[in-house]
Amino acid sequence: MRIGGFHPVSFNDYPGRVAAVVFTQGCNFRCPYCHNPGLLEPTAPAPYQPEDIFAHLATRRGKLGGVVISGGEPTLQEDIIPFCRRLRELGLAVKIDSNGSRPEVLAQLLAAKVVDYLAMDIKAPLADYGKVAGAVIDPATIIRSLTLIAESGIAHHFRTTFVQPLLTAAGLKEVARLVPTGSRHQVQPCRPPAD
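Just so it is clear, the structure is predicted and the values come from calculations on it, not from any experiment. (Residues numbered from 1 in each chain as written. Predicted model: local features only at pLDDT ≥ 70, side-chain atom pairs only at ≥ 80, totals over all residues. Heavy atoms only, no water.)

**Here we look at the overall build of the protein chain**
Quick reminder of the rule: For the purposes of this entry, the term helix denotes a DSSP run of H or I that reaches at least four residues, the term strand denotes a run of E that reaches at least two, and both are numbered from the N terminus. The globule rule used here is 2.2 Å times the number of residues to the 0.38 power, and the radius of gyration it is set against is calculated over C-alpha atoms. Here the term buried applies to any residue with accessible area under 20% of the maximum for its type, exposed to any over 50%, and partly exposed to those in between, with areas from a 1.4 Å probe on protein chains only. Working rule for contacts: check all heavy atoms of both residues, and any pair within 4.5 Å makes them a contact. Computed with the Shrake-Rupley method and a 1.4 Å probe, the accessible areas treat only the protein chains shown as cover for residues. Positive charges come from Lys and Arg, negative ones from Asp and Glu, while His and the chain ends are left out of the count. For charged residues, the charge sits on one atom: NZ in Lys, CZ in Arg, CG in Asp, CD in Glu.
If you tally the helices and strands in the protein chain, you get six helices and seven strands. Going from the N terminus to the C terminus, the protein chain shows its helices and strands as β-β-α-β-α-β-α-β-α-α-β-α-β. Taking 2.2 N^0.38 as the reference for a compact globule, 195 residues should give roughly 16 Å; the C-alpha atoms of the protein chain span a radius of gyration of 16 Å, in line with that estimate. By its C-alpha atoms, the protein chain is 50 × 35 × 30 Å across when sized along the principal axes. Per-residue burial for the protein chain yields a buried fraction of 50% across its 195 residues. Long-range pairs, those at least 24 residues apart, make up 68% of the contacts in the protein chain with a sequence separation of at least 6. With the model as given, the accessible surface of the protein chain reaches about 9400 Å², and the carbon-plus-sulfur share is 54%. A distance of 5 Å separates the average location of the 20 positive side-chain charges in the protein chain from that of its 17 negative side-chain charges.

And the structure:
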């Protein structure tokens, strides 16, 4: 795992749990409003070693309820499944924050039963996805991820960052129609990029 950032405690990244947050290095999207631009390049130096993260988390047993793996895009990490498995061996629930671009990896995570919560960004209406994500993306990929997560049987939600003019009020309504029935959709304001 290439880890570009680590927050030892968060009260709002994992619903209902006090959690640590691991930020993976590398992303396949280039959203112009990204609040973690330092995590975009997969070959940039990764200042945290997995073993150091595990050692720290072991000292927090009984105080943390989970770990959020965010990014960057976690599903780009080749060793995401063994990393999640080790977190669960520490007694920690695992939440993955994903852009939904790799449904095949989400399916592998679910099949391995190493994830307890999934959150996926819905960037824009399908017709505008490439513009907002800053990448070429097959809309069918996004639909596969939405469906997979909604039908997974595990806790999940979808979220959209409302940033104008990339996303209009009308576009936000189109996004809401993509959310599978019975799934929660959270709209969040755009925040300035981290320094």
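**Observations concerning the sheet that holds strand 3 (residues 66–70)**
Quick note on the threshold: Between any two strands, at least two bridges found by DSSP are needed for them to pair. An axis is simply a line fitted to the C-alpha atoms; with a helix, the fit covers only the stretch in contact. Between two such axes, the angle follows the N-to-C directions and lies from 0 to 180 degrees.
What the seven strands build is an open sheet, ordered 1-2-3-4-5-6-7; its pairing is mixed. Among the strands making up the open sheet, the edge pair consists of strand 1 (3–14) and strand 7 (185–189). Neighbour to neighbour, the strand axes of the sheet diverge by 25° on average, direction disregarded. Taken together, the five bridges between strand 2 (residues 17–24) and strand 3 define a ladder with parallel strand orientation. Following the sheet pairing, Val21 is matched in strand 3 by Val68. Contacts from helix 1 (residues 50–58) reach strand 1, strand 2 and strand 3, with the element oriented near 30° to strand 1.

**Quick notes on the packing of helix 2 (residues 80–89) against helix 3 (residues 103–112)**
Note the cut-off: What makes a crossing left-handed is the near helix being turned counterclockwise from the far one by less than a right angle; a clockwise turn instead makes it right-handed. Three categories are distinguished: nonpolar for Ala, Val, Leu, Ile, Met, Phe, Trp, Tyr, Cys and Pro, charged for Asp, Glu, Lys and Arg, and polar for the others, with Gly belonging to the last.
It is the contact of helix 2 with helix 3, at a shortest axis distance of 10 Å, that shows an interaxial angle of 35°. For the crossing formed where helix 2 meets helix 3, the hand is right-handed. Between helix 2 and helix 3, the contacting residues are Ile80, Ile81, Cys84 and Arg85 on the first element and Val105, Gln108, Leu109 and Ala112 on the second. Across the contact of helix 2 with helix 3, the residue classes break down as six nonpolar, one polar and one charged.

**Examining the pairing of strand 1**
Looking at chain direction, strand 1 and strand 2 are connected through six bridges and run antiparallel. Counted as the bridge partner of Ile3 is Thr24 from strand 2. The antiparallel hairpin formed by strand 1 and strand 2 contains two residues in its connecting segment, where Gly16 sits at a positive phi of about 80°.

**Comments concerning helix 6 (residues 169–178)**
Heads up, the rule is: As used here, the arc is the angular range of directions from the helix axis to the C-beta atoms.
Those residues of helix 6 not exposed but buried are Gly171, Leu172, Val175 and Leu178. Each buried residue of helix 6 lies within a common arc of 100° when the element is viewed along its axis, so the set occupies one face. Exposed residues lying more than 90 degrees from the buried face of helix 6 are Lys173 and Arg177. Tucked into the core, helix 6 has its buried residues touching helix 5 (139–150), strand 6 (155–162) and strand 7.

**Here we look at the packing of helix 3 against helix 5**
For any two helices packed against each other, the geometry comes down to the angle between their axes and how far apart the axes lie. Selection rule: For classification, angles of less than 35 degrees are called roughly parallel, those exceeding 145 degrees roughly antiparallel, those between 65 and 115 degrees roughly perpendicular, and all remaining angles oblique.
The geometry of helix 3 relative to helix 5 is characterised by a closest axis approach of 9 Å and an angle of 20° between their N-to-C directions. Considering the angle they form, helix 3 stands roughly parallel to helix 5. When the axes of helix 3 and helix 5 are compared, the crossing they make is left-handed. Taken together, the residues of helix 5 that come into contact with helix 3 (itself represented by Pro103, Leu106, Ala107 and Leu110) are Thr141, Arg144, Ser145, Leu148 and Ile149. For the contact of helix 3 with helix 5, a count of residues per class yields six nonpolar, two polar and one charged.

**Overview of the pairing of strand 3**
Heads up, the condition is: If the strands point away from the viewer and the path from the first strand over the helix to the second runs clockwise, then the crossover is right-handed.
Counting buried positions over the five residues of strand 3 gives five, a clear majority of the element. Of the two faces of strand 3, the one lined by Gly66, Val68 and Ser70 and the one lined by Val67 and Ile69 are each fully buried. Between the parallel pair strand 2 and strand 3, the chain is carried across by helix 1, and the sense of this crossover is right-handed. Here strand 3 runs beside strand 4 (residues 93–98); their pairing, made up of four bridges, is parallel. Following the sheet pairing, Val68 is matched in strand 4 by Lys95. Read from strand 3 through helix 2 to strand 4, the crossover connection turns out right-handed.

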